[in-house]
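Chain residues, written in single-letter form:
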Amino acid sequence: MLSYRHGFHAGNHADVLKHWVVCLISDYMGQKDKPYWYIDTHAASGGYSLSSADAQKTGESDTGIKKLWKQDTPEVLHGYLSQVKRFNTSGDLEAYPGSPWFAHQYMREQDKARFFELHPQDFASLKQIFGKDKAIKVAKEDGLAGLKALLPPPTKRAFTVIDPPYELPKEYDEIPKVIEASYKRFSTGVYMIWYPLINRNSKQKSSERMVEKLKRLKVSSAMDIRLWVSGDNEESGMYGSGLYVINPPWTLKEQLEKGLPYLVKCLGQPAGAGYKVEVVAG
Ligand code: SAM
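**Student:** I keep staring at the overall build of the protein chain and nothing clicks. Help me out?
**Tutor:** If you tally the helices and strands in the protein chain, you get 10 helices and 10 strands. Once the C-alpha set of the protein chain is aligned to its principal axes, its extents read approximately 45 × 45 × 40 Å. The burial tally for the protein chain puts 55% of its 282 residues in the buried class. For the protein chain, the share of sequence-separated contacts (at least 6 apart) that also reach a separation of at least 24 residues comes to 77%. Of the roughly 12700 Å² that the protein chain leaves accessible, carbon and sulfur atoms contribute 51%. Looking at the protein chain, you have 38 positive and 33 negative side-chain charges, and the mean spots of the two groups are 5 Å apart.

Below, the structure written as structure tokens:
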């Protein structure tokens, strides 16, 4: 089943959190000369028009990037916002990039990337954007199986983003298993798992159960990051999102503490919005 299309959701509050952190971690990875690999197990299409029928139908970017775009933000958000501006060459916010595009902006000559995407249209779009770049391989394969096969990468440094659609309940069970196996093969890599905060009965419980399983894995360091833009009442759908990061850069917590209060104020509704940064291990 591949009914999920990220074009409906591009630039929403969850994308802002996820892509800001992708930028922070990619920037950190580039601070050492030694090459690294960026692995995106669920890459989607790489870029989205905000005026497409899909984007207009949900208007989700109204709750995310459109609120931030023109603001005088704390410095810690400047890197992320400058990438969104670079993607919009006209100077107006007409389009929004995806995780592979953000990560690619930070790659140097010595770095490599692997993108996985199963949807034929999104895969074709990725191929079109990145297909000619010799440092990047785009595969129309299952990203979770593909990840295991890549580890450990030859450079012994990697940043992996796992961002599934969670269309199938089994994805919540698979991810802790894949992370456990990946960590056994390559314990020094940085792994970032995205998950939704949805107050709709079983789905929310599935997210919480998955995070509990991730927390039980024995890893050297991990951090649970959450941003919610409204209260978790019945009507609000996805009211926030979380990122579980294994082996986060030591700089990340301080950066998050500088930017998250601002994101709560800028993206959140006056009542109910908030954030959490929990150091789980390390
Ligand atoms: N990471 C992207 C970003 O931030 O711009 C968004 C990814 S979107 C939430 C999830 C994507 O995963 C969808 O495009 C979907 O087609 C793709 N997908 C679903 N199952 C997959 C699998 N097993 N392997 C690779 N891609 C998959």
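**Student:** Please clarify how the side chain of Asn 12 should be interpreted in this entry.
**Tutor:** Along the chain, Asn 12 falls in the segment before α1 (13–29). Taking the relative accessible area as the measure of exposure, Asn 12 reaches 5% and is therefore buried. At a separation of 2.6 Å, a polar atom in the side chain of Asn 12 contacts the side chain of Glu 60. For Asn 12, the contacting residues outside a window of four places in its chain are Glu 60, Ser 61, Thr 63, Gly 64 and Met 238.

**Student:** I keep staring at the site of the ligand and nothing clicks. Help me out?
**Tutor:** Near the ligand lie 22 residues; those nearest to it are His 19, His 42, Glu 117, Asp 142 and Asp 163. The backbone of Leu 118 places a nitrogen or oxygen atom 3.4 Å from a nitrogen atom of the ligand. The protein chains hide 95% of the 600 Å² of surface that the ligand would expose on its own. Residue composition of the shell around the ligand, grouped by class: 7 nonpolar, 8 polar and 7 charged.

**Student:** When you look at helix α6 (residues 120–130) in this model, what are you seeing that I'm missing?
**Tutor:** Along an α-helix, residues three or four positions apart point the same way, because every turn accommodates 3.6 residues. Every buried residue of α6 is listed here: Asp 122, Phe 123, Ser 125, Leu 126 and Phe 130. All buried residues of α6 project into a common sector of 160° when viewed along the axis, lining one side. Away from the buried face of α6 by more than 90 degrees, exposed residues Gln 121 and Gln 128 are located. Elements that come into contact with the buried residues of α6 comprise α5 (99–106), β4 (112–116) and β5 (136–139).

**Student:** Hey, could you run me through the pairing of β5 in this one?
**Tutor:** A regular strand places its side chains on the two faces of the sheet in alternate fashion. Sheet topology places β4 next to β5; 4 bridges connect them, and they run parallel. Residue pairing across strands places Arg 114 opposite Lys 137, the latter belonging to β5. In this region the chain leaves β4, passes through α6 and returns to the parallel neighbour β5; the handedness of that crossover is right-handed.

**Student:** How should I be thinking about the packing of aromatic side chains in this particular structure?
**Tutor:** The geometry of two aromatic rings is summed up by the distance between their centres and the angle between their planes. Overall, the coordinates contain 9 aromatic pairs when judged by the stated rule. Over the ring of Trp 194 we find Lys 18, and its NZ or CZ is 5.7 Å from the ring centre. For Arg 114, the ring lying beneath its charged end belongs to Trp 37, and the centroid distance is 4.4 Å.

**Student:** Sorry, what's going on with the packing of helix α7 (residues 143–150) against helix α8 (residues 170–185) here?
**Tutor:** The relative placement of two packed helices is expressed as an angle between their axes plus a distance between the axes. At a minimum axis separation of 9 Å, α7 and α8 run at an interaxial angle of 10°. In this view, α7 runs roughly parallel relative to α8, as classed from their interaxial angle. Here Leu 144, Leu 147 and Lys 148 of α7 come into contact with α8, specifically with Glu 174, Ile 175, Val 178, Ala 181, Ser 182 and Arg 185. Here the residues of the contact of α7 with α8 sort into 5 nonpolar, 1 polar and 3 charged.

**Student:** Please explain the state of the cysteines as it appears in this structure.
**Tutor:** Within this structure, the stated rule accounts for 0 disulfides. Counting only cysteine sulfurs, Cys 266 is the nearest neighbor of Cys 23, a cysteine outside any disulfide, at a range of 17 Å. Overall, Cys 23 belongs to the buried group, its relative accessible area being 3%. Overall, the relative accessible area of 16% leaves Cys 266 in the buried class.

Each value, and the rule that gives it
Position numbers for residues count from 1 along each chain, tracking the sequence in the order it is written. Where local features are concerned, this predicted model is filtered to residues with pLDDT of at least 70; where side-chain atom pairs are given and counted, the filter is 80 or more; whole-chain, interface and lining totals use all residues. Processing note: side-chain calculations cover all non-hydrogen atoms of the structure and skip hydrogens and water entirely. Only DSSP runs of H or I reaching four residues or more are called helices, and only runs of E reaching two or more are called strands; each is numbered from the N terminus. Type-normalised accessible area, obtained with a 1.4 Å probe on protein chains alone, sets the label of each residue: buried when under 20%, exposed when over 50%, and partly exposed for intermediate values. Residue contacts follow a heavy-atom distance rule, with two residues in contact if any of their heavy atoms lie within 4.5 Å. Accessible surface area values rest on a Shrake-Rupley calculation with a 1.4 Å probe, where residue burial reflects the displayed protein chains alone. Positive: Lys, Arg. Negative: Asp, Glu. His and the chain ends are not part of the count. All charge positions are set by atom: Lys at NZ, Arg at CZ, Asp at CG, Glu at CD. Polar contact criterion, stated in full: a pair of N or O atoms within 3.5 Å, where within protein one must be able to donate a hydrogen and the other to accept it, and residues adjacent in sequence count only if both atoms are side-chain atoms. Distances are taken per atom, and a residue is near a molecule or strand as soon as one of its heavy atoms is within 4 Å of it. Only Asp, Glu, Lys and Arg are considered charged in this grouping, and only Ala, Val, Leu, Ile, Met, Phe, Trp, Tyr, Cys and Pro are considered nonpolar; every other residue, Gly among them, is considered polar. It is the directions from the helix axis to the C-beta atoms whose arc is reported. Strands pair, by our definition, only if DSSP identifies at least two bridges between them. A right-handed crossover is one whose linking path, passing over the helix from the first strand to the second, runs clockwise when the strands point away from the viewer. Side-chain rings of Phe, Tyr and Trp, where Trp is taken by its six-membered ring, are said to pair if the distance between their centres is within 6.5 Å; with planes under 30 degrees apart they count as stacked, over 60 as edge-to-face, and otherwise as tilted. Only lysine NZ and arginine CZ atoms are considered, and such an atom sits over a ring when it is within 6 Å of the ring centre and within 35 degrees of the ring normal. Note on method: axes are straight lines fitted to C-alpha atoms, helices fitted across the in-contact stretch only, with angles between N-to-C directions ranging 0 to 180 degrees. Each angle gets one of four labels, with under 35 degrees taken as roughly parallel, over 145 as roughly antiparallel, 65 to 115 as roughly perpendicular, and the rest as oblique. The disulfide criterion is simple: two cysteine sulfur atoms within 2.5 Å.

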